[in-house]
Amino acid sequence: MTNAHIPDKPALEGLEQKWDAAWSDAGTYLFDRDAAKAKGRAGVFSIDTPPPTASGSLHIGHVFSYTHTDVKVRYERMRGKTVFYPMGWDDNGLPTERRVQNYYGVRCDTSLPYDPDFTPPFRGDAKSLKPADQVPISRRNFIELCEELTIEDEKQFEDLFRKLGLSVDWTQTYRTISDDTIRTSQLAFLRNLERGEAYQAMAPTLWDIDFRSAIAQAELEDRDQQASYHRVAFHKIDGSGDIHIETTRPELLPACVALVANPDDERYQPYFGSTVRTPLFDVEVPVLPHPLAVKDKGTGIAMICTFGDVTDIIWWRELDLPNRTILGRDGRIIDEAPDVLVTDAAKAAYAELAGKTVFSAKKRIVELLEESGELLEVSKPFTHPVKFYEKGDRPLEIVSTRQWYLRNGARDADLREKLIEMGRSMGWHPDFMRVRYENWTNGLTGDWLVSRQRFFGVPIPVWYGLDENGERDYDRVLTPDASRLPVDPTTDVPDGYTEDQRGVPGGFDAERDIFDTWATSSLTPQLAGGWQRDEELWNLVAPFDVRPQGQDIIRTWLFSTMVRSVLEDGRAPWTDAAISGFIVDPDRKKMSKSKGNVVTPADILDAHGTDAVRYWAASSRLGADAAFDPQNPTQVKIGRRLAIKVLNAAKFVLSFPVPEDARITHALDASMLATLDQVVRDATKAFDAFDHARALEVTEAFFWTFCDDYLELVKERAYNQADAGQASAALALRMALSTLLRLLAPVLSFAAEEAWSWFEEGSVHTASWPEPLGIEGDPAVLRTVGEALISVRRAKTEAKASQKTPVASLTITGPDAALDAIRSAEGDLAAVGRIAQVSYATGDTVSVGDIVLTPQEA
């Protein structure tokens, strides 16, 4: 759009809509496969873009981190790379199901038949409904509502991302619940299963009683909860006395399988290998040593119940103890008492607990212990950390369930070392984030639990053969051929069977569980890159160049993706990881929905413009937290001022005609361009190192010097076509503008494109990244002349005179080299400062003194 109309008053308003439409029409950001093939893998820059969860709304943190990625992407595109920049939508999983329940006022009941005419009772906010008041619907009806709502959310997300100026190729999108995704996810799992990396087991499982689903270690968070210690007595078999323990979970006494103390604790060494009897239930349990027991916690000896916390699981497994689960998947004490409760008193006590929630059961067992005299003391309440599902409302419980697992190095030293080695082979930005990855990998206590007892997700593609009694034979897992994928075992039939054999003795039964959402999201490189679907594309983009993401999901998304890549390909899935920091509120608290301090970005973008918000985001380095105050977004306002100045400066520069034979002849012009050359070098080096903030910092600093000093110095000469130096000034201004717009384009994407369109063809975002011009010149000229000009301006201000006031004379003091530089630009200085006579004196530093304003103007 060369020589496009330059508006009389350039403005930021409306640029987002104008240029988003223009970029779409021109296909500016489309992945050019032919160009990629011609260049080869080294000529492609591929991004494993985070797929946002399509359940709710985007927040300011998305704007922050996705801008970081886009700035780097735009730079690499201008460097000549063919960019593969896809976008995915993470639309399956628990958050989506919860949103559907709250939006439509429904809940899933797998026992109900499909109703093709079902209409949900709400289409909006149904959060106030209690679960019991939500309308039960079939699984298929529920999934249809999940599909409907996520598609609407995705449209809104795309609109906002377009407004943000993300240079995504919107033809390269995927959903984590599409047929292609399900096929890829199921195929990867079947290959894991074939290699022995996937397995199923009956084991203690962290369980969310509201979601009714297993929860993986990576999805946990600690929250402080109030509790009290209850001191109770276990009775020695020989009647010689009692052993006192303190517990916060007295309701689990019927599930007690042992007492445990530290092997070095002399108080309990005499009892190791003996047994004691539990209070109230009179069950004989052993006293055992284990190093995880803490000598100075409580009485120094603890009861092991199956299961009160994750330490119980470790003790149970390593000490080879029995499992006496008493807690059901609904969070209530099950009706059937453990078979070791044989006395009438024990059975009667258990009957008092059966069917109660853990809260009610705790209250009742404390009463029973008090009545029996076996409750010795209750401590004052205190707070302690309790495990929660990160999106849950109640503490997790531990129940025994059969689940699918994927090996992740927790119990395989060779795999663990391989994962750490692959992490060290990557570039981490900032580097200290690698330590978080290694700490997580080394701290794993169990394999990755990948199955979930939910509805909206990728089905686990297996069936089970049924024995002659109609019971599942877990040793006879039936899998589909890869050519049949995707499959839904609840409606599809395994090879060699017919539908009428479903659920009958000698027939088959479907796996009803789905994959954890991370089990699919861990395959984002494969989903976006065409793994096992488009071999040519996969070879062009994998391994990906960068994984951009937040620091809080290193343990989940980054680690799990590394696991899948190492198991499948024996390599890291990317060459670099770019980790953004958190957004914090003005009190430096992390923004989160649970804290109620999240800011939605739409209003900020509308009020200040996209470039202003992009500037705020790009001003923060990777890994650094950024404060955001929606009431006074100072950095956003600075960004808006910069974007407006870019438009106005461009309009001003373009007002000076450049003769065809123009060349740089003036020392001041050469000096400015030489200084700009160093800015180009510094910005390029910073971008190559993933330091967008440094690149912006050096570019912005020069831009303001360019506007405040150089433009002021040369504008008289640039206007005056009779001046022999006019062509040099106009050319230097035009060259600087072209370079500055390209340097700023990754951040100020709309303002730079608008100004570029006034005098250049095509898009600034597909223009070449600037290279140093190689013009010889001493940057000291610009610096010293600028210092002199600033002093003159300050003197006029102090004299309360106009900046147009003529100066009769002034004296400039400085080193001889600086004075020589100033003499070479004396004409510009005289023109701008309205200076009639300049005299010079040698000195150590540049200074301006003896300024005499003309009497009539003073």
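Residues numbered from 1 in each chain as written. Predicted model: local features only at pLDDT ≥ 70, side-chain atom pairs only at ≥ 80, totals over all residues. Heavy atoms only, no water.

A few points about the overall build of the protein chain
The secondary structure content of the protein chain amounts to 25 helices and 32 strands. Along the first, second and third principal axes, the C-alpha atoms of the protein chain reach 115 × 65 × 50 Å. The buried share of the protein chain, taken over its 858 residues, is 54%. Within the protein chain, residue pairs in contact and separated by at least 24 positions form 77% of the contacts whose partners lie at least 6 positions apart. For the protein chain, the computed accessible surface area is about 36,200 Å², with 47% contributed by carbon and sulfur atoms. (Helix = DSSP H or I, 4+ residues; strand = E, 2+ residues; numbered from the N terminus. Buried < 20%, exposed > 50% of the residue type's maximum accessible area, 1.4 Å probe, protein only. Contact = heavy atoms within 4.5 Å. Areas by Shrake-Rupley, 256 points an atom, 1.4 Å probe, with all protein chains shown as cover.)

Brief notes about the packing of helix α19 (residues 667-688) against helix α20 (residues 692-719)
Each pair of packed helices can be summarised by the angle the axes make with each other and by the distance between the axes. Look at α19 against α20: their axes get within 9 Å of each other, and the N-to-C directions meet at 170 degrees. As summarised for this structure, α19 and α20 are arranged roughly antiparallel, according to the angle between their axes. Between α19 and α20, the residues in contact are Leu-668, Asp-669, Met-672, Thr-675, Leu-676, Val-679, Asp-682, Ala-683, Ala-686 and Phe-687 and His-692, Arg-694, Ala-695, Val-698, Thr-699, Phe-702, Phe-706, Tyr-710, Leu-713, Val-714 and Arg-717, respectively. Considered class by class, the residues forming the contact of α19 with α20 number 14 nonpolar, three polar and four charged. (Axes fitted to C-alpha atoms, helices over the stretch in contact; angles between N-to-C directions. Parallel < 35°, antiparallel > 145°, perpendicular 65-115°, else oblique. Nonpolar A, V, L, I, M, F, W, Y, C, P; charged D, E, K, R; others polar.)

So, a negative patch on the surface
A cluster of acidic residues, Asp-412, Asp-414, Glu-417 and Glu-421, forms a negative patch at the surface. We classify Glu-421 as partly exposed; its relative accessible area is 46%. (Patch = residues over 30% accessible without salt bridge, like charges linked within 9 Å, V, L, I, M, F, W, Y side chains within 5 Å. Salt bridge = Lys/Arg side-chain N within 4 Å of Asp/Glu carboxyl O. Lys, Arg positive; Asp, Glu negative; His and termini not counted. Charge placed at Lys NZ, Arg CZ, Asp CG, Glu CD.)

Details of empty space enclosed by the protein
Enumeration according to the criterion identifies six cavities of 30 Å³ or more in this entry. When its volume is computed, the largest cavity comes out at roughly 110 Å³. Together, 13 residues line the largest cavity, and His-68, Thr-69, Lys-72, Ala-578 and Phe-690 are the ones closest to its centre. Those elements that provide at least two residues to the lining of the largest cavity are α3 (60-78), β26 (544-550) and β27 (574-580). Top element by residues in the lining of the largest cavity is α3. It accounts for four residues. Looking at the lining of the largest cavity, its residues break down into six nonpolar, six polar and one charged. Volume-wise, the second largest cavity comes out at about 80 Å³. Taken together, Gly-93, Leu-94, Pro-95, Glu-219, Tyr-389, Arg-452, Arg-454, Ile-514, Phe-515, Asp-516 and Thr-517 form the lining of the second largest cavity. Where the lining of the second largest cavity is concerned, the elements lending two or more residues are α4 (94-104) and β25 (514-515). Looking at side-chain class alone, the lining of the second largest cavity contains five nonpolar, two polar and four charged residues. (1 Å grid on protein atoms, 1.4 Å probe; cavity = no way out; pocket = protein on both sides within 12 Å on 5 of 7 lines; lining within 4 Å. Points joined across faces, edges and corners; volume = space filled by probe spheres on them.)

Here's the deal with the packing of helix α11 (residues 433-442) against helix α15 (residues 554-569)
As a packed pair, α11 and α15 sit with axes 10 Å apart at the nearest point and diverge in direction by 80 degrees. In terms of orientation, α11 lies roughly perpendicular with respect to α15. Of the residues in α15, those in contact with Met-433, Arg-436, Tyr-437, Trp-440 and Thr-441 of α11 are Ile-554, Arg-555, Leu-558, Phe-559 and Met-562. The class makeup of the residues in the contact of α11 with α15 is seven nonpolar, one polar and two charged.

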